[in-house]
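# Close look at the chain arrangement
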Amino acid sequence: MTKPECQAVMEQIYAYLDGELDRASQERLKHHLLECPPCVDEYERDLLLKSLLQRSCACEEAPTALRAQIMTRISITVTSVQVERD
Ligand SMILES: [Zn+2]
């Protein structure tokens, strides 16, 4: 389902985030993101991933584990509330 131009954008997103693309490629990528929501999703995911990776390099992995634990607890709470309502 991926369009050829989207494929090209996805391959360049990491280079773009790292500031490794030349100006013309940057402009092309930015222009594509303006008109292609699926590629924006991909871009934002990569951006998030990149910031998470940078953070985990700077400190321990504990925050991620803690966050996963919290998310699990929240979903358990939500499930049990739904069960009680039934
Ligand atoms: Zn696209």
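An unreviewed UniProt entry lists the protein chain under the name Mycothiol system anti-sigma-R factor, with Luteipulveratus flavus given as the organism.

Turning our eyes to something else, we now look at the overall build of the protein chain. Counting secondary structure elements, the protein chain contains four helices and zero strands. Going from the N terminus to the C terminus, the protein chain shows its helices and strands as α-α-α-α. For the protein chain, the residues scored as buried account for 19% of the 86 residues in total. Considering only residue pairs separated by 6 or more positions, the protein chain has 54% of its internal contacts joining residues 24 or more positions apart.

A separate point is the packing of aromatic side chains. Per the counting criterion, the structure on display carries one aromatic pair. Here Tyr16 and Tyr43 contribute two aromatic rings whose centre-to-centre distance is 6.0 Å and whose plane-to-plane angle is 50 degrees, an arrangement assigned as tilted. Here Tyr43 lies in helix α3 (residues 37–58) and Tyr16 lies in helix α1 (residues 4–17), a separation of 27 residues in the sequence. Given the relative accessible area of 18%, Tyr16 is considered buried.

Attention now goes to the nonpolar core. The tendency in soluble globular proteins is for nonpolar side chains to be buried side by side. Counting twelve residues, the largest nonpolar core is built from Cys6, Val9, Ile13, Ala15, Tyr16, Leu17, Leu21, Leu29, Leu33, Cys36, Cys39 and Tyr43. The set of elements that each furnish at least two residues to this core consists of α1, α2 (23–35) and α3. Sort the elements by how many residues they give to this core and α1 lands first, with six residues.

Take the coordination of the zinc ion next. Surrounding the zinc ion are the protein donor atoms Cys6 (SG), His32 (NE2), Cys36 (SG) and Cys39 (SG), at 2.0 to 2.3 Å. Coordination geometry of the zinc ion: the four donor atoms subtend angles of 104 to 113 degrees at the metal centre, consistent with an arrangement described as tetrahedral. Positions of the donor residues of the zinc ion, expressed as sequence spacing, correspond to C-x25-H-x3-C-x2-C. In this pair, Cys6 sits in helix α1 while His32 sits in helix α2, placing the two residues 26 residues apart along the sequence. We classify Cys6 as buried; its relative accessible area is 6%.

The next thing to look at is the packing of α1 against α2. Their axes nearest at 10 Å, the elements α1 and α2 cross at an angle of 120 degrees. Compared by their axis directions, α1 and α2 come out oblique. Judged by the twist between their axes, the crossing of α1 over α2 is left-handed. The residues of α2 that touch α1, namely those facing Glu5, Cys6, Val9, Gln12, Ile13 and Tyr16, are Ser25, Gln26, Arg28, Leu29, Lys30 and His32. Partitioning the contact of α1 with α2 into residue classes produces five nonpolar, four polar and three charged.

Cut-offs and rules
- Residues numbered from 1 in each chain as written.
- Predicted model: local features only at pLDDT ≥ 70, side-chain atom pairs only at ≥ 80, totals over all residues.
- Heavy atoms only, no water.
- Helix = DSSP H or I, 4+ residues; strand = E, 2+ residues; numbered from the N terminus.
- Buried < 20%, exposed > 50% of the residue type's maximum accessible area, 1.4 Å probe, protein only.
- Contact = heavy atoms within 4.5 Å.
- Phe/Tyr/Trp six-rings, centres within 6.5 Å; stacked < 30°, edge-to-face > 60°.
- Core = buried A, V, L, I, M, F, W, Y, C linked by side-chain atoms within 4.5 Å.
- Donors = N, O, S within 2.8 Å, 3.2 Å for Na, K, Ca; no water.
- Tetrahedral: all angles 85-135°; square planar, octahedral: opposite > 155°, others 65-115°.
- Axes fitted to C-alpha atoms, helices over the stretch in contact; angles between N-to-C directions.
- Parallel < 35°, antiparallel > 145°, perpendicular 65-115°, else oblique.
- Left-handed = near helix turned anticlockwise from the far one by under 90°.
- Nonpolar A, V, L, I, M, F, W, Y, C, P; charged D, E, K, R; others polar.

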